[in-house]
Amino acid sequence: MTLNLTSSGRPAKPAAGVQDSPAGTRKVPDGFVLGVATAAYQIEGARHEDGRADSIWDTFSHTPGAVANGDTGDIACDHYHRYVGDVALMRRLGVQSYRFSTSWARVCPDGRTVNPKGLDFYERLVDSILDAGITPWLTLYHWDLPQALEDRGGWPVRETADRFVDYALAVHDRLGDRVSTWTTLNEPWCSAFVGYTSGEHAPGRQSPSDGLAAAHHLMLGHGQAVAALRERDPALKLGLTLNFTVADPVDPSNPSDVEAARRIDGQMNRIFLDPIFRGEYPADVLEDVRGLGLETHIKDGDLATIATPIDVLGVNYYNGGAFSHLPPQSALNAAPATSRPTRSPFPAADGVHGHPRGLPVTSMDWEVQPEGLTRLLVRLHEEYTGPADTALHVTENGAAFDDEANESGFVQDEDRVSYVRSHLASVLDALDAGVPVQGYFYWSFLDNFEWAWGYAKRFGIVRVDYETQARTPKASALDFARIISTRELPSGGNDV
């Protein structure tokens with residue numbers, strides 16, 4: 001397959017050393033990394049191949065009513081067998097860095113015992129990434145806890161944090177000489193509160209207390225793993241990725257709306273940021289969740305371990321939200337089309353309501369709010385990462401739209417082109433404001449298994465035909481490739 005990487009008939013020319021951009025474009029700094037991201041369970045497939053055992057997502061996806069259309073990740077994008085072609089496609093698109101995750105259930109199928117064949121796969125994958133001239137960025141945990149550990153209590157149990165360190169060191173034994181950037185966790189808010197409190201994600205529990213216990217042990221495992229990896233190799237770049245919202249009150253002059261936004265900010269953003277960067281839970285959040293058992297899990301030394309210094313914070317941002325103490329007249333519906341009952345993921349935000357703001361929305365009813373990314377990056381730099389001298393990268397940002405493929409499988413996805421351009425522009429705005437953001441990873445490289453939505457929603461810049469497993473770069477992939485090559489971001493319009 002031959003790619004027209006400019007999609008306009010014009011050859012893509014690098015702009016190395018050029019400081020001024022043509023009219024209508026913005027310069028992307030030469031040192032700014034442009035990459036793509038995926039996650040193991042969402043793309044790999046090969047459920048029981050080469051010793052892999054079930055994760056909580058295998059169990060959950062096979063639970064009736066848990067995932068739209070009864071979809072599972074048993075095959076997904078078959079990346080386990082097709083990784084060579086996938087990496088070659090990244091290379092042809094000019095991707096500079098690839099953020100991927102290793103599967104705990106593939107590396108340690110029972111949660112404890114190392115499976116050499118599982119590590120063999122990741123060794124082959126990393127070698128292919130490096131051979132393509134792409135920088136690997138490894139995430140150790142993207143939600144796929146071995147079911148064997150869930151059977152022993154899962155993340156609400158302290159032992160799971162210790163097993164996570166063993167797993168991290170097992171991966172480092174094989175890949176430590178080839179991968180320099182390691183993030184421990186992806187979005188612990190989702191792992192803890194969407195998995196253990198709302199029940200929308202695996203393992204499907206609906207307990208505020210379990211969610212809070214899981215959140216603490218996830219952060220404890222993170223801190224222990226960072227300390228252990230740093231002792232192994234002080235040259236590693238270590239950190240984690242958090243997902244954020246920008247919580248605004250519907251009426252900033254109404255104290256009840258301000259209080260509603262505070263609760264969301266506290267129970268999504270600061271409940272992780274403050275322990276990691278300040279070695280303490282926010283006092284207001286502790287008050288919010290009083291009586292739900294969090295304090296019983298905090299042992300002497302835990303917060304110092306959680307606050308082990310990190311080198312990089314990954315920022316996952318999709319949108320913010322407007323919150324009120326009053327319910328809206330009409331609400332956005334971002335819930336997956338499943339029959340399994342769920343509850344709010346926030347452990348102590350009863351009476352808080354999200355309100356639509358008339359913004360454009362994706363096919364998942366997520367508002368498109370690029371300016372929120374600028375505000376978020378400025379806040380993180382001023383309050384957390386700047387004082388700690390921690391690097392910032394946008395490690396996920398993307399959108400699902402109702403793609404329509406033509407007879408050859410190509411998707412002219414102007415909405416996604418606009419989404420990427422506008423959010424990249426917001427990152428450049430943050431750079432202009434003095435925030436030293438170092439990179440941007442689009443989510444996702446491939447259409448994939450979208451958790452409780454199954455295959456009903458597509459985030460990829462590369463279309464996957466799930467019947468044939470054919471890969472076809474969309475217009476957004478061609479536009480992203482052109483931005484990478486030229487280091488120029490069009491300031492408006494979808495000339496693709």
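To be clear, the structure that these remarks concern was listed above.
Our subject in this report is the structure included herewith.

Rules behind the numbers
- The written sequence of each chain sets the order in which its residues are numbered from 1.
- Owing to the predicted nature of the model, reporting of local features is limited to residues with pLDDT of at least 70; listing and counting of side-chain atom pairs is limited to 80 or more, with chain, interface and lining totals taken over all residues.
- To obtain the side-chain values, all non-hydrogen atoms of the structure were used and water was disregarded.
- Secondary structure follows DSSP: runs of H or I at least 4 residues long count as helices, runs of E at least 2 residues long count as strands, and numbering of each begins at the N terminus.
- Remark: exposure states derive from per-residue accessible area (1.4 Å probe, protein chains only) relative to the maximum for the residue type, with buried under 20%, exposed over 50%, and partly exposed in between.
- The contact rule is simple, with two residues in contact once any of their heavy atoms fall within 4.5 Å.
- Only the protein chains shown count as cover for residues, with accessible areas throughout obtained via the Shrake-Rupley method and a probe of 1.4 Å.
- The charged-residue count follows a simple rule in which Lys and Arg add positive charge and Asp and Glu add negative charge, with His and chain termini not counted at all.
- Taken as the charge centre is NZ of Lys, CZ of Arg, CG of Asp or CD of Glu, depending on the residue.
- Here the rule is simple: two strands pair whenever DSSP picks up at least two bridges between them.
- Between the N-to-C directions of two axes lies an angle of 0 to 180 degrees, each axis being a line fitted to C-alpha atoms and, for a helix, fitted only over the stretch in contact.
- Take a side-chain nitrogen of Lys or Arg and a carboxyl oxygen of Asp or Glu: if they are within 4 Å of each other, that pair is a salt bridge.
- By definition in this entry, angles of less than 35 degrees are roughly parallel, angles greater than 145 are roughly antiparallel, angles of 65 to 115 are roughly perpendicular, and the rest are oblique.
- Helix crossings get a hand from a simple test, with the near helix turned counterclockwise from the far one by less than a right angle marking a left-handed crossing and a clockwise turn marking a right-handed one.
- Only the six-membered ring of Trp is used, alongside the rings of Phe and Tyr, when aromatic pairs are assigned; centres must lie within 6.5 Å, and planes under 30 degrees apart are stacked while those over 60 apart are edge-to-face, with the rest tilted.
- We count a charge as sitting over a ring when the NZ of a lysine or the CZ of an arginine lies within 6 Å of the ring centre and within 35 degrees of the ring normal.
- Here a helix's expected span is defined as the number of its residues, less one, multiplied by 1.5 Å.
- Two axes enter the bend calculation: one fitted to the seven residues ending at the residue in question, the other to the seven starting there, and the bend is the angle between them.

## Considerations on the overall build of the protein chain
Across its full length, the protein chain carries 16 helices and 15 strands. Projecting the C-alpha coordinates of the protein chain onto the three principal axes gives extents of approximately 65 × 60 × 45 Å. A total of 496 residues make up the protein chain; the buried ones form 59% of that total. In the protein chain, the proportion of contacts linking residues at least 24 apart, taken out of those at least 6 apart, comes to 79%. Within the structure as shown, the protein chain displays about 18,000 Å² of accessible surface, and the carbon and sulfur contribution to it stands at 50%. With 43 positive and 67 negative side-chain charges, the protein chain shows a spacing of 3 Å between the two charge centroids.

## Overview of the sheet that holds strand β10 (residues 353-355)
Taken in spatial order, the 3 strands make up an open sheet running β7-β9-β10, and their pairing is mixed. What marks the edges here is a single partner per strand, and that holds for β7 (247-249) and β10. Sheet twist, expressed as the mean angle between neighbouring strand axes with direction ignored, is 45°. Pairing analysis gives 3 bridges linking β7 to strand β9 (residues 321-324), with the strands arranged parallel. Its bridge partner being in β9, Asp248 is matched across the sheet by Ala322. This element, helix α10 (residues 255-278), spans β7 and β9 of the sheet and lies at about 170° to β7.

## Remarks on the environment of Tyr83
With respect to the helices, strands and loops of the structure, Tyr83 is situated in helix α3 (residues 79-93). Between the C-alpha atoms of Tyr83 and Leu125, which are 42 residues apart in sequence, the distance is 6.8 Å. Beyond its immediate stretch of four places on either side in the chain, Tyr83 contacts Phe121, Arg124, Leu125 and Ser128.

## With respect to the pattern of salt bridges
Under the counting rule described, the total for this entry stands at 47 salt bridges. A salt bridge links Glu44 to Arg106, with the shortest nitrogen-to-oxygen separation between them at 2.9 Å. Of this pair, Glu44 sits in the loop between α1 (40-43) and α2 (56-61) while Arg106 sits in helix α4 (residues 104-107), and the two are 62 residues apart along the sequence. You'll find Glu44 and Arg106 in the same group, each marked buried. One salt bridge connects Asp74 with Arg47, and the closest N-O pair in it is separated by 3.7 Å.

## A short note on the packing of α10 against helix α14 (residues 370-388)
Running from N to C, α10 and α14 cross one another at 20°; their axes reach a closest spacing of 10 Å. Relative to α14, the element α10 lies roughly parallel. Once α10 is placed against α14, the crossing between them reads as left-handed. Contacts from Asp265, Asn269, Arg270, Leu273, Asp274, Phe277 and Arg278 of α10 reach α14 at Arg379, Leu380, Glu383, Tyr384, Thr385 and Ala388.

## What about the sheet that holds strand β11 (residues 391-396)?
With parallel pairing, the 8 strands of this closed barrel are ordered in space as β2-β3-β4-β5-β6-β8-β11-β12. Across the sheet, the mean angle separating the axes of adjacent strands is 25° when strand polarity is ignored. The sheet contact formed by strand β6 (residues 237-244) and strand β8 (residues 312-317) spans 6 bridges and is parallel. Bridging across to β8, Asn243 finds its partner in Asn316. Across the face of the sheet, helix α5 (residues 116-131) comes into contact with β3 (97-101) and β4 (135-141) while running at roughly 170° to β3. Packing against the sheet, α14 makes contact with β6, β8, β11 and β12 (437-443), and its axis sits at approximately 155° to β8.

## Looking at the environment of Pro328
Within the fold, Pro328 resides in the loop between β9 and β10. For Pro328, a relative accessible area of 21% gives the class partly exposed. Between the alpha carbons of Pro328 and Gly354 there is a distance of 7.3 Å; along the sequence they are 26 residues apart. Contacts of Pro328, omitting those with residues within four sequence positions, involve His353, Gly354, His355 and Pro356.

## Points about the packing of aromatic side chains
Going through the model one piece at a time under the given rule, you end up with 31 aromatic pairs. Where Trp143 meets Trp451, the ring centres are 4.6 Å apart and the plane angle is 40°; that geometry is what we call tilted. With Trp143 in the loop between β4 and α6 (147-151) and Trp451 in the loop between β12 and β13 (462-464), the pair connects residues that are 308 residues apart, well separated along the chain. Per residue, the accessibility class of Trp143 equals that of Trp451, and both read buried. Chaining the aromatic ring pairs together yields one cluster made of Tyr41, Trp57, Phe60, Trp143, Phe449, Trp451, Tyr455 and Tyr466. Across the ring face of Phe121, the terminal group of Arg106 is positioned such that the distance to the ring centre comes to 6.0 Å. The lysine or arginine in question, Lys457, covers the ring of Trp453, its NZ or CZ lying 4.7 Å from the ring centre.

## Observations regarding α3
With 15 residues, α3 should cover 21 Å at 1.5 Å per step; its first-to-last C-alpha distance of 18 Å lies more than 12% under that length. Within α3, the axis deviates most sharply at Gly85, by approximately 35°. Of the residues making up α3, those classed as buried are His79, Tyr80, Tyr83, Asp86, Val87, Leu89, Met90 and Leu93. The positive-phi residue at the C-terminal boundary of α3 is Gly94, with phi of around 85°.

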